[in-house]
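# Notes for the structure review
Read off the chains here:
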Amino acid sequence: MKYYSEKLDKMFDSEDELFKAEEEKAENELAVEKEKTALSKAKKAEADKVQLTDKEVDEAQENLKKVREEAQAKIDAARKEAEDMLKEAYKKLSVAQEHRFEALKAFNEKFGPYKTYYTGEKAYNEFQKTLRYFDNIFNDFRWFF
C-alpha cells in the first residue's frame, strides 16, 4: 500500500518512511527557524550598537560645533588684535615716512637733489626692506582667509 503525505506532497511505500520524512522535514524547518531567529537577534544586537554609536556621533558633532564656535571667537579676537597692532605700526611708519619726505624736501630746497649710495650691508638691508614691502602687498590677502 502507498502512503501520501500532504505536508510533503509526496507518496511513500511505508508508513514508517512517511513519518520519518515528515519528522525530518519538521526538524529541518525547526532548525531553519532557529537559525532565522538567531540571525534576527544578532541583527537586532548590531543595530542597537549602531544606534548607540549614532548617539555618540551626534554628541561629538555638537561638541565640534561648540568648539568650532569658541575657536572662531578666539580667531576673530586674535585677528582683531593683530589688525589693531598692524594699524598702529602702519601709522608709525606713515608718520616716519612723512618726516623723511619733509626732511628730503627741505634738503632739496636748500641744496638740490638728495643722493645716496647703497653698498654692503646697507644695500642688503634696503633690498630686504623692498622685498618685504612687495611681499606685504601681495600677501595681505591671507588675513581674509
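What counts, and at which threshold
Residues numbered from 1 in each chain as written. Predicted model: local features only at pLDDT ≥ 70, side-chain atom pairs only at ≥ 80, totals over all residues. Heavy atoms only, no water. Helix = DSSP H or I, 4+ residues; strand = E, 2+ residues; numbered from the N terminus. Rg over C-alpha atoms; globule rule 2.2 N^0.38 Å. Expected span 1.5 Å × (residues − 1). Buried < 20%, exposed > 50% of the residue type's maximum accessible area, 1.4 Å probe, protein only. Phe/Tyr/Trp six-rings, centres within 6.5 Å; stacked < 30°, edge-to-face > 60°. Patch = residues over 30% accessible without salt bridge, like charges linked within 9 Å, V, L, I, M, F, W, Y side chains within 5 Å. Areas by Shrake-Rupley, 256 points an atom, 1.4 Å probe, with all protein chains shown as cover. Salt bridge = Lys/Arg side-chain N within 4 Å of Asp/Glu carboxyl O.

### Describing the overall build of the protein
- Secondary structure assignment for the protein yields two helices and two strands.
- Counted from the first residue to the last, the protein has its helices and strands arranged as β-β-α-α.
- At 44 Å, the protein has a C-alpha radius of gyration far larger than the 15 Å of a compact globule built from 145 residues.
- Projected onto the principal axes, the alpha-carbon positions of the protein cover approximately 140 × 30 × 25 Å.

### Observations concerning helix α1 (residues 15–111)
- Over its 97 residues, α1 extends 136 Å from the first C-alpha to the last, a length consistent with the 144 Å expected when each residue adds 1.5 Å.
- The complete set of buried residues in α1 reads L18, E22 and A82.

### A word on the environment of L104
- Locating L104 in the fold gives a position in helix α1.
- Judged by relative accessible area, which is 22%, L104 ranks as partly exposed.
- Expressed as a C-alpha distance, the spacing of L104 and Y114, which sit 10 residues apart in the sequence, is 6.9 Å.

### Here's the deal with the environment of D9
- On the secondary structure map, D9 appears in the loop between β1 (3–5) and β2 (10–12).
- Expressed as a C-alpha distance, the spacing of D9 and Y114, which sit 105 residues apart in the sequence, is 118 Å.

### Digging into the packing of aromatic side chains
- Taken as a whole and assessed by the stated rule, the structure comprises three aromatic pairs.
- Their ring planes at 45 degrees and their centres at 5.2 Å tell us that F107 and F111 sit as a pair that is tilted. Taken together, the residues span about one helical turn, with F107 and F111 both in helix α1 at a distance of four residues.
- Judged by relative accessible area, F111 falls into the exposed class, the value being 61%.
- Where Y133 meets F134, the ring centres are 5.6 Å apart and the plane angle is 70 degrees; that geometry is what we call edge-to-face.
- Look at Y133 and you get exposed, because its relative accessible area is 52%.
- Of the aromatic side chains, those joined through ring pairs into one cluster are F107, F111 and Y114.

### Some remarks on a nonpolar patch on the surface
- There is a patch of nonpolar side chains on the surface, built from Y133, F134, I137 and F138 and spanning about 450 Å² of accessible area.
- Its place among the elements puts F138 in helix α2 (residues 120–139).

### Structural notes on the pattern of salt bridges
- If you walk through the whole model with that rule in mind, you get five salt bridges.
- Residue K25 pairs with E29 through a salt bridge whose shortest N-O separation is 3.5 Å. Here E29 and K25 lie together in helix α1, a separation of four residues that amounts to about one turn.
- Relative accessible area serves as the criterion here: at 46%, E29 is assigned to the partly exposed category.
- Here E126 ties to K129 by a salt bridge, and the two come within 3.3 Å at their closest N and O atoms. Placement of the pair is E126 and K129 together in helix α2, with a separation of three residues, close to one helical turn.
- You can call E126 partly exposed: its relative accessible area is 26%.

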